[in-house]
Structures are given as structure tokens and as C-alpha cells.
Amino acid sequence: MTGHDRGTSWWSDAVVYQLYVRSWHDSDGDGYGDLPGVVDKLDYLSWLGVDAIWLSPTMPSPDHDWGYDVSDYVSVHPELGSLEDMDRLVAEAGRRQMRILLDLVPNHTSDQHPWFVEARSSRGATHRNWYVWAEPSPDKAPPNNWLDASGESAWTLDAETGQYYLHNFLPSQPDLNWWDPPVHDAFEEILRFWFDRGIAGFRIDVAHGLYKDAALRDNPPMPEGQLIGGTGGQEQRFSANRPETHAVFRNWRRIAEQYEPPRLLLGETCVPDAEKLARYYGQDDELQLGFNFPFMVSAYTALELSNVVRETLGRLPVGAIPVWTMSNHDKSRFTTRWCSNDDVRAALALTILLTLPGTIVIYYGDEIGMTDVDVPLELQRDNMFLGGRGGHPSRDRARTPMQWEPSVTGGFTTAGTTPWLPLGDVSSHNVADQREDPRSLLSLCRQLVSVRRRHIKGCGGSYEQLAAAEHQWVYRSGDVVVAANFAGEPAEVPGLAGPVLFSSLKARLPEKPFGEPLRLAGFEAVVVQLWP
Ligand code: NOJ
């Protein structure tokens, strides 16, 4: 793929860091991370070379889904801090040339949001139509076959008013009704409220989900082999992914562009392929960025990953910027899922991630190789998938506290406080030790950020896949070539000349004389400077 003249916005080649606030740094000793804790650690992110920080939900919430059930869209959760703390964070990040993105949840609210409390008070309530209500079917069963995230009916009967309401997630997360114009007005105001406060943009939760089929048609079974875009064995053809949603984003894009610099809309576009993803970019008039789930759920092989990249770049509209990420707060960490907790393989994956064109998102702790943590049932905090409910493992495994140092609290909280989720292996993987070690994953990651700045940033997102043997992925990105060996055995890469700027291995194989093929060790990736 060549020829995509990708934009020059600040996010074009940016490194975005996803920070799960409750697990980042606890400044007040209550066991939960908080906004002052984010301020405390800004120097670390600045040292790493991060351009923007996406904060997991920060708005008030009863926390049935840890902030993804919002009860007030224009405030800060008191356990995390105050609006003043948020303003200070934006200012302090800005002083370090970093921007703050918030998580916006427009698909549903908490059932404790005043809108829903009022809506369920009577059939004639002012906010009744802000949510999706339907009559029971003749046998009193739910109105259709839609299932929620944990595989149960997506409808709950409201006994008082005798109608069912829709929830694509927990019953305490009622879906908003985007067919109702006042819902649009409310969110426009919310957008402006945060943009006016200096928030650089939003990660938009369930961006593909806002509108539901007006006729509430039944969902079909999930097509065989499809991993994304369904729930409980159903494809969410009618309970999400509706075409009307695009008009919402066109409107939000106009609002985002009324600001200087334009605010960023980064969608959680959970769709199964690049063609569907491309639709959310519109004609450069919808989301500026959309998460690429096929990349994250790909098998960890040169063939599959490179196919996703090629397919994505081929399908996105000219000028659109791709987004790459390997882990997030919903999935198993890439270190465990892809790399069997092996640092050598993790280093290879980080090398790929940080040399791809476009925006990349690092999930907190990925840079030090944090792995999934086996959280025992009695300590689990993820209600949606408690104890593996609905056949989905608890998401707590990838939400454990940041591992700052090799101490009892991991440097996350104060001595004597029990963190909200148990710590992973702080002695083997922590920031303090890895900062001292020039060969650690963290040092490697920081070096890669600087390679990215010097050789990939500003190159218009150019990417070209080069011929390679099986299990190898070789590509030109910016003005470097990346060669990655996904096999455990050494391999030669013919036809590649030029100095090796970077290797994912702590020690490279001895160099062969000039003119001979580059040799890669097992699971090694290198960045080679192209001769001018
Ligand atoms: C997607 C979020 O990433 C996830 O954590 C949350 O549970 C659902 N949306 C519902 O908001």
C-alpha cells in the first residue's frame, strides 16, 4: 500500500496511552487510583514520549461497570477527584505537550442517571422516549431475541410501567434512544462542555451501537468464524451497527472542528472487518479515528497480522489514519494472549506496534510487559463477567494496578492499603527496575518511540509490505524498513542492506559482513535505516 497521503493533525502518527485511572496511582490511600495520581505520574509518560492520554471513564457512576454506567456527564467521579483536578490535569499535561482524551459513553447511561430515574417513573414521563421501551410480546416474553453482553435477554421488564427497556450491557445500563432528537441535543452540550474545558477529544464507547433498528427485528445467528460484532452467538445486526449512527458522527465532527485545534473523535468501532471500519471515517466527515479490532484479535503470526494491516490500509479512505492497539481493558493483555508471557516475543510485538503508520495506542503496563493476572473469584470486581459469566473471562485480569516498583504495594498505593484489585508480579516487571536497565522492555519501548519520531512521523503514513519468507514480516514504514521473524529459529532476510537502528533483542547476533543477508534471531525484529 502506498499513496495514502495521511493528514498532519497531531494524532497522525501519535502515541496515545490508555490509562485505566483506578489502576494507575492512588494518591489518597483509598486503594483506588485517582486524577491527582495521574498528575503525579505525568513525568513518567512524558519521559516515555506519549502524545496523548486516554483516561478510562472519569464521570460520576455507581460503578456497576466501573464508570461505563454514567450518572452525570458533566462532572468528575468523587472517588477519582473533582472538576478542578481535571482542569489541573489538562493544564499539567499541556505543560508537558500531552493532551487528555476522555471516555464518552453515549450508547447507554446508568439506571441511576436522573434521565432514567425520571423516564421509568411513568409512561408519560418527559424522558420516557430517551430510552428504548417496548411492549411485552403476547406471551409476556421480551419483545425480540436480542441478547446483552453476558448472553441474557437484552430486555428487562419494568414492573411499574409494564414495558421492557433495552440494555445491550448490564440491566443497570439502559440504552439511550437515539431516534429521539433531545438525546442529540443533550450530547452536543456534553461535547461542548468538555471541549470548552480543554479536553482534546473523546474515545467514544460502543460507537457502532447508538441507533437500534426501529422495527426491533430479531438478530440473526453470528456468521461462522466471525469473532467481532456479536453477543451470545448472535450477530448484532439490528441491536447495533445501524446506518443512522453515521449522521450523529457527522454532526459531532462539525462540532469538533469548531475548536482550535480540532477535537478528536476516536471511536470504539467494534466491527469485524476493514470495510465496515472504513464507513465510520465517512468522507473524512465522521470519526477521525476508529479502533481496529481485527488487528487486536488477530492470531500472532506474520501472515495474519500483515494481512490485517494490508487490508485496513487498502480499505480506509484516502487520508484516513489507521489506529493500532494490542490490548485494552476488555481483553486479555497481548503479552499473555499473543506472547505466552514471554518478554522476547513481547518485544517483537512492541516493535511492530510502534513502527506502524498512523495512531498507536499503548495500554498501560504493556510497555513493561505486564501480563494477565489470575484474580480469584472473591477478589473479582467485574460484575458483567463475574466468575466467567456468559462464558467470558473476568476482565479484571487486565485491569490490575500499575506495577511501579518491586514493593508490597507495587508503588501503586500507600503502605498498609489493599489495592482494589490484586497486584501482578511486581518483582519481575516494574517501572523502577526497567528504567534503570537499558535493555528492558520499557527502555526498548522508549527507544522505539524515539525511532518513530525520527523516522516515521511526518512521512505521510507511507507503508509498503515487502517480499518475505514464511513467518517473516518485512515492511517499509516512513524511511525505515522493519524485518520481523515470528519463528523461534534464526532466519535470513535477503536483500536488506543498511545499518540496524534498533533490535528488539537485548543482544543482536554478530553482524555478518556487509553485503550478506541480514540475520535475525528467533522472535527478533529489527529496524533498518534505508540508504538515502
Ligand atoms: C465497551 C467498554 O470498553 C467496556 O468496558 C464496557 O463494559 C462496555 N463498552 C459498556 O460500556
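Residues numbered from 1 in each chain as written. Predicted model: local features only at pLDDT ≥ 70, side-chain atom pairs only at ≥ 80, totals over all residues. Heavy atoms only, no water.

S.K.: An account of the overall build of the protein is needed here, citing residue identities and associated values.
M.R.: A tally of helices and strands in the protein yields 13 helices and 20 strands. Relative to the compact-globule value of 24 Å for 532 residues, the protein shows a C-alpha radius of gyration of 23 Å, a close match. Across the protein, contacts joining residues at least 24 apart in sequence account for 68% of those joining residues at least 6 apart. For the protein, the computed accessible surface area is about 19800 Å², with 51% contributed by carbon and sulfur atoms. Taken together, the 47 basic and 72 acidic charged side chains of the protein have centroids lying 4 Å from each other. (Helix = DSSP H or I, 4+ residues; strand = E, 2+ residues; numbered from the N terminus. Rg over C-alpha atoms; globule rule 2.2 N^0.38 Å. Contact = heavy atoms within 4.5 Å. Areas by Shrake-Rupley, 256 points an atom, 1.4 Å probe, with all protein chains shown as cover. Lys, Arg positive; Asp, Glu negative; His and termini not counted. Charge placed at Lys NZ, Arg CZ, Asp CG, Glu CD.)

S.K.: Explain the packing of aromatic side chains to me, and be specific about the residues and the numbers.
M.R.: Counted by the stated rule, this structure contains 38 aromatic pairs. For the ring pair F193 and W194, a centre distance of 4.9 Å and an interplane angle of 85° mean the geometry is edge-to-face. Note on F193: relative accessible area 24%, which makes it partly exposed. By the ring-pair criterion, three or more aromatic residues cluster together here, those being Y73, W115, W130, W178, F187, F249, W252 and Y280. Against the face of W404 rests K41, its NZ or CZ located 4.2 Å from the ring centre. Here the guanidinium or amino end of R128 rests over the ring plane of W133, the centre of that ring lying 3.5 Å away. (Phe/Tyr/Trp six-rings, centres within 6.5 Å; stacked < 30°, edge-to-face > 60°. Buried < 20%, exposed > 50% of the residue type's maximum accessible area, 1.4 Å probe, protein only. Lys NZ or Arg CZ within 6 Å of the ring centre and 35° of its normal.)

S.K.: Outline the packing of helix α11 (residues 343-355) against helix α13 (residues 441-455), listing residues and values.
M.R.: One way to put it is that α11 packs onto α13 with a least axis distance of 9 Å and a crossing angle of 20°. Classified by the angle their axes make, α11 and α13 are roughly parallel. In terms of crossing hand, the pair formed by α11 and α13 is right-handed. Note on element contacts: α13 touches α11 through L441, L444, C445, L448, V449 and R452, opposite D343, A346, A347, L350, T351, L353, L354 and T355. (Axes fitted to C-alpha atoms, helices over the stretch in contact; angles between N-to-C directions. Parallel < 35°, antiparallel > 145°, perpendicular 65-115°, else oblique. Left-handed = near helix turned anticlockwise from the far one by under 90°.)

S.K.: Hey, could you go over the site of the ligand for me, with residue numbers and the actual values?
M.R.: Around the ligand there are 13 residues in total, and D65, D205, H329, D330 and R395 lie nearest to it. D205 places a polar side-chain atom, nitrogen or oxygen, 2.7 Å from an oxygen atom of the ligand. The contact in question runs from an oxygen atom of the ligand to an N or O atom on the side chain of R395, over 2.9 Å. The fraction of the free accessible surface of the ligand (290 Å²) that becomes covered by protein chains is 97%. Each residue belonging to the shell around the ligand can be placed in one class, and the counts come to four nonpolar, two polar and seven charged. (Near = heavy atom within 4 Å. Polar contact = N/O pair within 3.5 Å; in protein donor to acceptor, adjacent residues only side chain to side chain. Nonpolar A, V, L, I, M, F, W, Y, C, P; charged D, E, K, R; others polar.)

S.K.: Please set out the pattern of salt bridges residue by residue, giving values where relevant.
M.R.: Counted according to the given criterion, the structure contains 29 salt bridges. For R279, the salt bridge goes to E275, with nearest N and O atoms at 3.1 Å. With R279 and E275 both in helix α7 (residues 274-279) and four residues apart, this pair spans about one turn of that helix. Judged by relative accessible area, R279 falls into the partly exposed class, the value being 44%. Across the pair E464 and R476 runs a salt bridge whose closest N-O atoms are separated by 3.4 Å. Here R476 lies in strand β15 (residues 472-477) and E464 lies in strand β14 (residues 463-466), a separation of 12 residues in the sequence. By relative accessible area, E464 is classed as partly exposed at 31%. Residue classification places R476 among the buried residues on the basis of a relative accessible area of 19%. (Salt bridge = Lys/Arg side-chain N within 4 Å of Asp/Glu carboxyl O.)

S.K.: Report on the sheet that holds strand β10 (residues 264-267), specifying residues and quantitative values.
M.R.: The strand order across the open sheet built from eight strands is β11-β10-β7-β3-β2-β1-β13-β12, with neighbouring strands paired in parallel fashion. In this open sheet, the two edge strands, each paired with only one partner strand, are β11 (289-290) and β12 (323-325). The pairing of strand β7 (residues 201-204) with β10 spans four bridges and is parallel. Bridging across to β10, G201 finds its partner in L264. Across the sheet, helix α3 (residues 83-95) is in contact with β2 (52-55) and β3 (99-104); its angle to β3 comes to roughly 140°. (Pairing = 2+ DSSP bridges.)

S.K.: Give me the lowdown on unusual backbone geometry, citing residues and values where you can.
M.R.: The omega torsion of the bond from E260 to P261 falls at -5°, within 30 degrees of zero and hence cis. One can find P261 in the loop between α6 (245-256) and β10. Even without being a glycine, W66 presents a positive backbone phi close to 45°. Tracing the sequence through the fold places W66 in the loop between β2 and α3. The backbone of Q97 shows a phi angle near 60°, a positive value even though the residue is not glycine. Within the secondary structure, Q97 is located in the loop between α3 and β3.

So yeah, pure geometry; function would need other evidence.
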